[in-house]
Amino acid sequence: MRDRLCSYYTDSKEITTYMASMLDIKDNDIVLEPSAGSGLFIDELLTENKNIHIDALDIDKKAISILKEKYKNDSRVNIRETDTLFDSELDAFQDVALWLKNTDTLFDENLDLFEKTGGHYSKIIGNPPYGAWQDYEKRDLLKKKYPGQYVKETYSLFLLRCISVLKVGGKLSFIIPDTFMFLNLHQKLRNFLLSKTKISEILIFPSNFFPGVNFGYSNLSIITLERSNELSSLKNEISVYKGFKNPEEFSLIHNEQAELPNYIEKYTLNQRDIFNSAGQRFILTEKSESFIFNSSKTVGDVADVVTGFYSGDNTRFIRVKDKSVKGSKNYEIVNPNKIIISDSIYGIETSDEAYIPYIKSSSKTKYIKENDEWFVRWDKNTVEYYNSNKKSRFQNSSFYFKKGIGLPMVKSSRINAFVMENRVFDQSIVGIFPKDESKFLYLLGFMNSETANKIIHLINPTANNSSNYIKQIPYKEPDKKTYEKICNLVSVALKSAKNNEIEKNLAVQKELDFIFNMIYAA
């Protein structure tokens, strides 16, 4: 069953205290909590003992029930529950400290009115749902309401929605995944954030700061911002902190008597610089290292960067060499007599059941792929099935069997790029095919360098190495003499890798790393 709500309650005093302090609550503030949950943020705000008004919204009836019980004896609390995602009205605000309502924040019509009239709230705080499943009907409605936004991810819509009902000068503090900072899908959201708000501070921390939550693909973040106009927004500087080992360290940031541990990194980013950059990403690097992005060309300009084939039913069509291969548990072992070497995208006509070598997994070494471990069914009838089956993806087939550079889609601490030739490659592999074949060795060397590895992690710190991010890696070439030296070194690296000359290979790679670092420092 898919999780429609994906609510992760903020059970951390250190986090709620930090976020409430960032809002600087004043008397007469009108506050919104758009995903109230169990009321932990509300409790924190009420400890301020200020004369404030809080609107707390939640789509989950169970959460509303908890809140009713929690505040039943509190005269400041007025709870109203409605059973609709498209609430037609919000009751007039009453003279109480807290007003609770069961509604869908993304569709609430009163919030629409607040947005059109220049905002309503002076402060907004929350931990909106992320990763929640949206049924297709609701997804269509969201696409119409938030054109151009990525509607499969709820947190970004909550952030956009809440900023739209925030007064100019009003402040917001949210816990959200850090993927809004760099994923291509969130560029339109970044454009809005950079031009319509002043982002004062972002804290990046592991998701396991929340018990029971552990995202393998990204970290969590707390973003605090102020609604603003574009002129003021683009003059703003953002403080970004990362490297925290526990939430107790949040309290050290604004404590003048405290010293941050050396492992906590601080970056100061200019909003105008991010706004004017390619993809408008938050690149977390020292100013002294920003040179690596000073290039008019990208890898996508000099090479075709594509993903590979998907059968539609891997356990049916994919075979493995033997059970020692990583990830082979659910796969049958290939019959050696049915393996045929072919380079036809139309399939093998001489056999009713035939398999060809298939690149499906990452390489343990740089430059070359180990012996063939995976095989895909490739007789003519089966290939015709791939082309007609809706679940199969016979994508980028003009690159099948061509000579290219392979990278695994799943990122690791170091990059191992390898030569692909006379093989079909899986959709889990990114294929890089130089438009000018003379650049093959140079690109192969660069993609295996520490410089490329660093850039990839800066562009997209998640666990995903998709083709769209590889395309955006800056591409630089040195003078002719250095270029030729690199190509010669890569030829040596290839030969030493094939001969299993480990020490020689490492020495060559060290020299290549040094040269590429110099090229990108220029």
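Located above this text is the structure these notes cover.
Given the structure is predicted, the values throughout are model-derived calculations rather than measurements.

Undergrad: Can you tell me about the environment of Ala417, naming the residues and giving the values?
TA: Assignment of secondary structure puts Ala417 in the loop between strand S17 (404-408) and strand S18 (418-420). Expressed as a C-alpha distance, the spacing of Ala417 and Leu443, which sit 26 residues apart in the sequence, is 9.7 Å. In contact with Ala417, other than residues within four places in its own chain, are Lys366, Tyr367, Ile405, Gly406, Leu407, Leu444, Met447 and Asn448.

Undergrad: Can you break down the packing of helix H13 (residues 440-447) against helix H17 (residues 502-521) residue by residue, with the values?
TA: In contact at an axis separation of 10 Å, H13 and H17 are set at 95° when each is read in the N-to-C sense. In this view, H13 runs roughly perpendicular relative to H17, as classed from their interaxial angle. Each of Tyr442, Gly445 and Phe446 in H13 lies in contact with H17, whose residues at this interface are Phe516, Ile519 and Tyr520. Grouping the amino acids of the contact of H13 with H17 by side-chain chemistry returns 5 nonpolar, 1 polar and no charged.

Undergrad: Any chance you could break down the side chain of Lys369 for me, citing the residues and the numbers?
TA: With respect to the helices, strands and loops of the structure, Lys369 is situated in the loop between strand S15 (355-359) and strand S16 (374-377). One polar contact links Lys369 to Ser361, side chain to side chain, over a distance of 3.4 Å. Here the side chain of Lys369 touches Ser362 through a polar contact of 3.3 Å, landing on its backbone oxygen. Setting aside anything within four residues of it in sequence, one finds Lys369 in contact with Ile359, Ser361, Ser362, Ser363 and Phe418.

Undergrad: Can you tell me about the packing of aromatic side chains, naming the residues and giving the values?
TA: The full count for this structure, using the stated rule, is 27 aromatic pairs. Here the aromatic rings of Phe180 and Phe282 are separated by 6.0 Å at their centres, their planes lie at 70°, and the arrangement is edge-to-face. Linking Phe180 in the loop between strand S6 (166-177) and helix H7 (187-196) with Phe282 in the loop between helix H9 (271-275) and strand S11 (297-298), this pair joins segments that are 102 residues apart in sequence. Phe282 shares its class with Phe180; the two are buried. Measuring from centroid to centroid gives 6.3 Å for Trp378 and Tyr400, while their planes differ by 65°, and the two rings are edge-to-face. Placement of the pair is Trp378 in the loop between S16 and helix H12 (380-388) and Tyr400 in the loop between H12 and S17, with a sequence separation of 22 residues. For the pair Trp378 and Tyr400, a shared accessibility class is recorded, and that class is buried. Taken together through their ring pairs, the aromatic side chains of Phe309, Phe317, Tyr358, Trp378, Tyr385, Tyr386, Phe394, Phe399, Tyr400, Phe401, Phe425 and Phe433 make up a single cluster.

Undergrad: Explain the nonpolar core to me, and be specific about the residues and the numbers.
TA: Residues Ile202 and Met447 are the most contacted members of the largest nonpolar core, which totals 113 residues. Ranked by the residues each element gives to this core, the list is headed by helix H16 (residues 480-498), at 8 residues. Those residues in contact with Ile202 that sit more than four places away from it in its chain are Phe180, Met181, Ser221, Ile222, Ile223, Ile238, Ser239, Val240, Tyr241 and Phe282.

Undergrad: Could you give an account of the sheet that holds strand S20 (residues 429-434), with specific residues and numbers?
TA: Overall, antiparallel pairing links the 4 strands, which are arranged S12-S20-S17-S18 in an open sheet. Looking along the sheet, the strands with just one partner apiece sit at the ends: strand S12 (303-307) and S18. Going from strand to strand, the sheet's axes swing by 35° on average, the running direction of each strand aside. Two strands pair when backbone bridges link them, and S17 and S18 are joined in this way by 3 bridges, in the antiparallel orientation. Of the residues in S18, the one forming a bridge with Gly404 is Met420. Each of S12, S17, S18 and S20 touches H13; the most contacted strand, S17, lies at about 15° to it.

Conventions we followed
Residues numbered from 1 in each chain as written. Predicted model: local features only at pLDDT ≥ 70, side-chain atom pairs only at ≥ 80, totals over all residues. Heavy atoms only, no water. Helix = DSSP H or I, 4+ residues; strand = E, 2+ residues; numbered from the N terminus. Contact = heavy atoms within 4.5 Å. Axes fitted to C-alpha atoms, helices over the stretch in contact; angles between N-to-C directions. Parallel < 35°, antiparallel > 145°, perpendicular 65-115°, else oblique. Nonpolar A, V, L, I, M, F, W, Y, C, P; charged D, E, K, R; others polar. Polar contact = N/O pair within 3.5 Å; in protein donor to acceptor, adjacent residues only side chain to side chain. Phe/Tyr/Trp six-rings, centres within 6.5 Å; stacked < 30°, edge-to-face > 60°. Buried < 20%, exposed > 50% of the residue type's maximum accessible area, 1.4 Å probe, protein only. Core = buried A, V, L, I, M, F, W, Y, C linked by side-chain atoms within 4.5 Å. Pairing = 2+ DSSP bridges.

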